[in-house]
There are 4 protein chains.
Amino acid sequence: MRRIDFAVFGNSTALDHALADEVLTRYQAVRSETEQLCEPLAIEDYGIQAMPDVSPPKWHLAHTTWFFETFLLLPYLHGYRVFHPDFGFLFNSYYQTVGSFFPRPQRGLLSRPSVQEVYYYRAYVDKAMAALVDSADASQLDQIIFRTVLGMHHEQQHQELLLADVKYNFAINPLHPAYRAKLDRIEREPASLQWYEYDGGIHEIGFSGTGFAYDNETPRHKVYLENFCLASRLVTNGEFLDFIEDGGYQRADLWLSDGWTVVRQKNWQAPLYWKSLDGQWWIMTLAGLRRLDQNEPVCHVSFYEADAYARWRGKRLPTEAEWEVAAQDREPRGNLREAGFLQPVAAESVIQGEPDQLFGDVWEWTQSPYRPYPGFQPLAGALGEYNGKFMANQMVLRGGSCVTPQSHIAATYRNFFYPADRWQFMGIRLADDAN
Amino acid sequence: MRRIDFAVFGNSTALDHALADEVLTRYQAVRSETEQLCEPLAIEDYGIQAMPDVSPPKWHLAHTTWFFETFLLLPYLHGYRVFHPDFGFLFNSYYQTVGSFFPRPQRGLLSRPSVQEVYYYRAYVDKAMAALVDSADASQLDQIIFRTVLGMHHEQQHQELLLADVKYNFAINPLHPAYRAKLDRIEREPASLQWYEYDGGIHEIGFSGTGFAYDNETPRHKVYLENFCLASRLVTNGEFLDFIEDGGYQRADLWLSDGWTVVRQKNWQAPLYWKSLDGQWWIMTLAGLRRLDQNEPVCHVSFYEADAYARWRGKRLPTEAEWEVAAQDREPRGNLREAGFLQPVAAESVIQGEPDQLFGDVWEWTQSPYRPYPGFQPLAGALGEYNGKFMANQMVLRGGSCVTPQSHIAATYRNFFYPADRWQFMGIRLADDAN
Amino acid sequence: MRRIDFAVFGNSTALDHALADEVLTRYQAVRSETEQLCEPLAIEDYGIQAMPDVSPPKWHLAHTTWFFETFLLLPYLHGYRVFHPDFGFLFNSYYQTVGSFFPRPQRGLLSRPSVQEVYYYRAYVDKAMAALVDSADASQLDQIIFRTVLGMHHEQQHQELLLADVKYNFAINPLHPAYRAKLDRIEREPASLQWYEYDGGIHEIGFSGTGFAYDNETPRHKVYLENFCLASRLVTNGEFLDFIEDGGYQRADLWLSDGWTVVRQKNWQAPLYWKSLDGQWWIMTLAGLRRLDQNEPVCHVSFYEADAYARWRGKRLPTEAEWEVAAQDREPRGNLREAGFLQPVAAESVIQGEPDQLFGDVWEWTQSPYRPYPGFQPLAGALGEYNGKFMANQMVLRGGSCVTPQSHIAATYRNFFYPADRWQFMGIRLADDAN
Amino acid sequence: MRRIDFAVFGNSTALDHALADEVLTRYQAVRSETEQLCEPLAIEDYGIQAMPDVSPPKWHLAHTTWFFETFLLLPYLHGYRVFHPDFGFLFNSYYQTVGSFFPRPQRGLLSRPSVQEVYYYRAYVDKAMAALVDSADASQLDQIIFRTVLGMHHEQQHQELLLADVKYNFAINPLHPAYRAKLDRIEREPASLQWYEYDGGIHEIGFSGTGFAYDNETPRHKVYLENFCLASRLVTNGEFLDFIEDGGYQRADLWLSDGWTVVRQKNWQAPLYWKSLDGQWWIMTLAGLRRLDQNEPVCHVSFYEADAYARWRGKRLPTEAEWEVAAQDREPRGNLREAGFLQPVAAESVIQGEPDQLFGDVWEWTQSPYRPYPGFQPLAGALGEYNGKFMANQMVLRGGSCVTPQSHIAATYRNFFYPADRWQFMGIRLADDAN
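The paragraphs below set out a description of the structure included in this document. (Residues numbered from 1 in each chain as written. Chains lettered and ligands numbered in written order. Predicted model: local features only at pLDDT ≥ 70, side-chain atom pairs only at ≥ 80, totals over all residues. Heavy atoms only, no water.)

## A closer look at the overall build of chain A
Link 1 in the chain: Counting its secondary structure elements, chain A contains nine helices and 14 strands.
Link 2 in the chain: Counting only C-alpha atoms and orienting by the principal axes, one finds that chain A spans roughly 65 × 55 × 35 Å.
Link 3 in the chain: Taken across its 435 residues, chain A has 63% of its residues classed as buried.
Link 4 in the chain: Counting contacts in chain A only where the partners sit at least 6 residues apart, residues at least 24 apart contribute 80% of the total.
Link 5 in the chain: If you sum the accessible surface of chain A, you get close to 15,900 Å²; carbon and sulfur atoms cover 49% of it.
Link 6 in the chain: The positive charge centre, built from 39 side chains, and the negative charge centre, built from 55, are 3 Å apart in chain A. (Helix = DSSP H or I, 4+ residues; strand = E, 2+ residues; numbered from the N terminus. Buried < 20%, exposed > 50% of the residue type's maximum accessible area, 1.4 Å probe, protein only. Contact = heavy atoms within 4.5 Å. Areas by Shrake-Rupley, 256 points an atom, 1.4 Å probe, with all protein chains shown as cover. Lys, Arg positive; Asp, Glu negative; His and termini not counted. Charge placed at Lys NZ, Arg CZ, Asp CG, Glu CD.)

Structure, rendered in structure tokens:
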């Protein structure tokens, strides 16, 4: 499934309403998917927040609902009454211009509302959303469609976060619970790492067109690149193990200074979720602990680890522009969430003729700080807080992961995390200067 | 119901087994009470730990069970197999000599075991405990009886903690959930505060006898006291309000230095759970928010606040010896948990002829640091960690509260908390030097 | 030299003025001693504060001066003008009722006033103090004499702190500077440890009489003691080394719970200032690093270490009442500051017939929390903040140390520090119950 | 004075030695300037470190000397003996590959070595440096010249840091000491703010040539820019005051999310060193407190404040490429250290025809994160730690300040600080997209 395209809008009333209907259908699908993702959870699992960066599943369920209530129902559905007067305070994430909010690190301290009440909340809002789309005034239809699609992408982001957060919550539990009893795997040895060379010069990156994109993907603009090379596939666990065994985590010269500080403070010795038991490496997956597979892409590394690994290897990380240039004519296909692995899988055994694993498997750290594109304009009003205000101290990641929905990802998509973050499905693709 | 008395033990085999049967019956009653206390909880409420000092209800249920498994079943029940190999790690509280344990501040991060599994654990252990008492070897019966009774008192302590913890967890929730829909109250104006004078000289305090007591209540020993006076009842909310309105929380000269540091760091302006809404004082109770009743004893104050209040009033707090001298010939009756108020109630309207509210309502802060009695010997082995190792930096409280089971409290009972703690049902009785 | 005795005061004007003159003479001696203690310091040493608990020598010089300015000159010397308007803010330590003060942990951040200016400040105040005593009104003379003596004792306390603080400041410096090039030592093997038994019953402790005492030493009052034993001398480095080598710092069962937390947080493996170099133990002294002498009393241990050591040895620490009963008929003689060792020295080689080393060498941790004596009344006004407000969370130490001035110490003297403190000259005398 | 140019090197032995002589002459001048900058300091001032980011003047004096000892004398001067064996540990800043080092936040805790000893250290090394240049082997001369020049620039950086650090140390002192009794000022009203437009397209930035540059200024490379506008001068105090008075520090919507967190945590209400006294704004300068001059450039603002101000104004900050394009054909002249103001001064009263104040006055925050240029190669070995390892989480600043030496600055110079840093002389130039 592809992203929604707004191109038809404004050509005729009939087409507008057809588009609105399609959006509503998709809305209902996205909302339903969120709930399906929660099916394996016990009631007790819904409330856990094992560190400030993660949120309890219950909170994800309610916050995504609050988004529609706040940005669609309240401004556009005449006579709409909020489900609960305190939910705005409880489930606003960070929209300062909308009002105050409950402190993020304490989201796991709220047993109420119950899970049941949160599902009621979802149903209540879903019903109102259907009413809104049915009854919408033509003059507001474009905003309603746009915001609904935005809210759907927002919910898809939270679907991905929910899986990453559940994994984190389960991983700190000594019982190592499994989200799924078993995950399919592909056992194969990837082709050896090759390099693809790309021409430099002036390129264009960023979004333009009639489909949906976040504001941070715009405007499409020119960049100047030197010739560069991109690795044919992701770095594997086995390759990363060589770094570990070569003392990578003990050699200050390989690390950015801030990264080295984190390594020592947190006593990092391996990627997140790697566990050494009786001299063997194990990793935590959504199906619990399992033996490390050296052929799978390395996952759950920070930017600092990705950068240090690349330096150790005599290479570097790609810039986001390089990555996008390589990806922009490609279909966003790969080991995305719909593939069902929920874990990165080994690259193809034969060389593909173009970079393998660009989409899916793991988000690829780039060496680009997350900053606005030239001429960037955030959305008006509170929705402008969605992306723009995070444009400091974070690094861009590209390509989606094994828990990213396919209709959510695109070549222009800019994900961003702090350089020390590891709990998302994040990995490494190497780049190099061309000779 | 009174505390168990071991006096008959050792006189005859028949009496020994009769005592064992009584203990088992009581054991089952205590275990059942714990579960009854949890009946109002939603599944979501079982996992919450809103600050490091509190524990999730689920943890209380499991830890008290672990106590019997560890100190009774494993050493004494031949062939006993633990319910789950990881529960020792998860549910040991602090017994260093028994093994390592999961970090206390993270108890709220564990969704598994589920609530259901914890109840299975309880049933499993209860069944084994019945088998143990039935089959116990005569040579071990005294230890089994003693440890079972100790475990029952341990569980009663946790019953009280559970209620205090649920109150705390609910109080930080902006929805202010209620543990009970409604709590009975007594509306009356207490008699004005009077003073009872006691003779000084050599007194004896501490436990001796054939009943149960914690090791920290022993040995019974002599103390020398000056003549002293004790207030006829507890300090009320109204009296404490005078202190607040006189600027008590702004006057450094009234406070111990460490207390003043806490007041400023935490910005204390009133007791815990007091909330000023639209110019009115409200308090959080186990039935949710309600208007402050000026006649009720003030509750949820720290030692620092109790001490500052007494200084402001020109009085002082009693020593634990003074308190015990006044209480030791009295029946432990009062507003204890069985009274069902779960909240302190106003003192009698007429003067009682002896101190009112000595037992129940609120634990009374004494001015005595929690230290060993002369000649104190902790229990042998790991059980010696129960009390002795906490004998630093804490203050003694006496008399039980509205959430203390009646068969648990005694005039010799020494409770102890850090001087800044407030989340237990703690209050103030004044004392004074005699002229 | 003994403490000042006020007994003659009020008998005649002549005697009053003679006493005032003696006080002034002693005042000048104490003030001069402080400056002599600073002679070995480089200008750079005056400003260092290597942890929040210590103060820079410059601050000690100024604060003790501020004490006389604030409590003597301003209230009693007509027309007195303060040396500098900001010094009250800078050099008030903690007298809340006198005004606000510069944050304690930042005392080391002030390069100005310069050392020179602080010495001018001292001279200015000393001159005014002489004028005050000369010109004092008879009606105020008793207060002036009392407060001057209080201020002298206050300054003597700071003399001791100054030496302990300089030692700390020098110890964290990798160059290990020496305060004195060389310190005399006594090499001898102490007599083996013996026990002296004391009768229990009603004893009196605390100060009464016509001499000087701090308010916290009063009133003299009765206590009931069981029979007890006191060790004949202090615990030595060699004896403490046995504890270390027996794994004392790794055995949780020996420690109070709060102590064990500190041991792990700070990774304590030995007393403060012990340093293992090439398999040998060295200690930092005021003459720099030197080899550990097993015969010297162990020094710079916390209460937690003293308590754990006693438990390991099957003994206990004395209560402050026990210590005082043993000491109260003894002259306060021993390895005090005037002896010039500035380091504890080995006990006598032959048994003394009464406890050796009661005064001097090291402050002896008691097991008594620092709390008010029955009937305690703090001094009126701001001077009441001197002692009383610290009566929480600290433990009493007795007997003075090798850096305590002889005229400052007494059998009734109550020193107090937090149980984790180690930077004072603190050590261990064991006690035991009598059979 | 301009930067050294290495162009002549390698053409003839005579020219090589002439260059070496010139370098030595300049070396001696730079070293001497450092000491002249310290002349106003009292001995007490040399040791202060009022926050972890600043270093004591004494440390700057020693560390810059250690640089020459470590990177020149030890590898190249035959038979050189270090001045003190512990100084490597004490005065290495962060060169992990050279060895361990004393913890940065504790640099202010070392009274020894004394100031005198540090000056001896400087003289010792200076003498050895002269010997080195005189006796250098031809085969090593290029490295010796390069490293000496690098060390001189390093020392110039520390000259600037020293002044900023002394200012900080003095500012937290309630006595507000002055580094200079009086600073010259220029009182004038700047021309109103104009905009200069620049053509976009492909530009080149970065250093190439035969002179000195840091590795992070290389390689010169192409960038693509959109047309852009640059403000004619810096933002003034008066303009920034408008932002404050419009509630700029209270409006979350103006701030980057991480910036807003800092604003609330540190309770920022104005730039660093602004002080509101009796309703008037004062600022701390190197001559102590003085009234705020609305015409001077605003100084001591963080990137977050610069960014929020620009957003409030409807503008943005320049990228570093934009800044360099505007500056690269300009002479680096302006209010640099040699001008002697040691404080930013008001811009010209008439419009200059090109951007005023590009060099000097204040470092100008750009919106560019500090990252490597395409093809960047750090210096080999430990000197590669000089710049490259800091390329995360920091922002680039350009143009030098009123405490930057003129021979140190260049259009290609990339300074970098964390976005919350304020203690350097940092300010704001606005930029805008061209229509």
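## Here's the deal with the environment of C:D432
Residues and elements named next belong to chain C.
Link 1 in the chain: Here D432 lies in strand β14 (residues 431-433).
Link 2 in the chain: Between the C-alpha atoms of D432 and V403, which are 29 residues apart in sequence, the distance is 28 Å.
Link 3 in the chain: Not counting the four nearest positions on each side in its chain, D432 is found in contact with W195, F228, C229, K315 and R316.

## So, helix α1 (residues 13-38) of chain B
All names here are of chain B.
Link 1 in the chain: If you check α1, its first and last C-alpha atoms are 38 Å apart, about what 26 residues at 1.5 Å a residue would give, namely 38 Å.
Link 2 in the chain: Among all positions of α1, only D16, L19, A20, V23, L24, R26, Y27, V30, R31, T34, L37 and C38 are buried.
Link 3 in the chain: Buried residues along α1 sit in contact with α2 (57-76), α4 (115-135) and α5 (138-171). (Expected span 1.5 Å × (residues − 1).)

## Looking at the sheet that holds strand β13 (residues 426-427) of chain D
In a beta sheet, neighbouring strands are held together by backbone hydrogen bonds and run either parallel or antiparallel to one another.
Residues and elements named next belong to chain D.
Link 1 in the chain: Strand order in the open sheet formed by four strands is β12-β11-β10-β13, and the pairing between neighbours is mixed. Both edges of this open sheet fall to β12 (415-417) and β13, since each of them pairs with a single strand only.
Link 2 in the chain: Note: strand β10 (residues 363-369) against β13, two bridges, orientation parallel. In the sheet register, E364 faces β13, and the bridge partner there is G427. (Pairing = 2+ DSSP bridges.)

## Details of the relation of the copies chain B and chain A
Here the two chain copies are tied together by a rotation about an axis and a shift along that axis.
Link 1 in the chain: Mapping chain B onto chain A calls for a rotation angle of 180° and an axial translation of 0.0 Å; the resulting RMSD is 0.0 Å. With respect to symmetry, the two chain copies, as superposed, fit the operation of a two-fold axis. No C-alpha of chain B approaches the rotation axis more nearly than that of B:E44, which lies at 3.0 Å.
Link 2 in the chain: Mapped onto chain A, 97% of the interface residues of chain B are again interface residues, and the two copies thus contact each other with one and the same surface. (Least-squares fit on C-alpha atoms with pLDDT ≥ 70 in both.)

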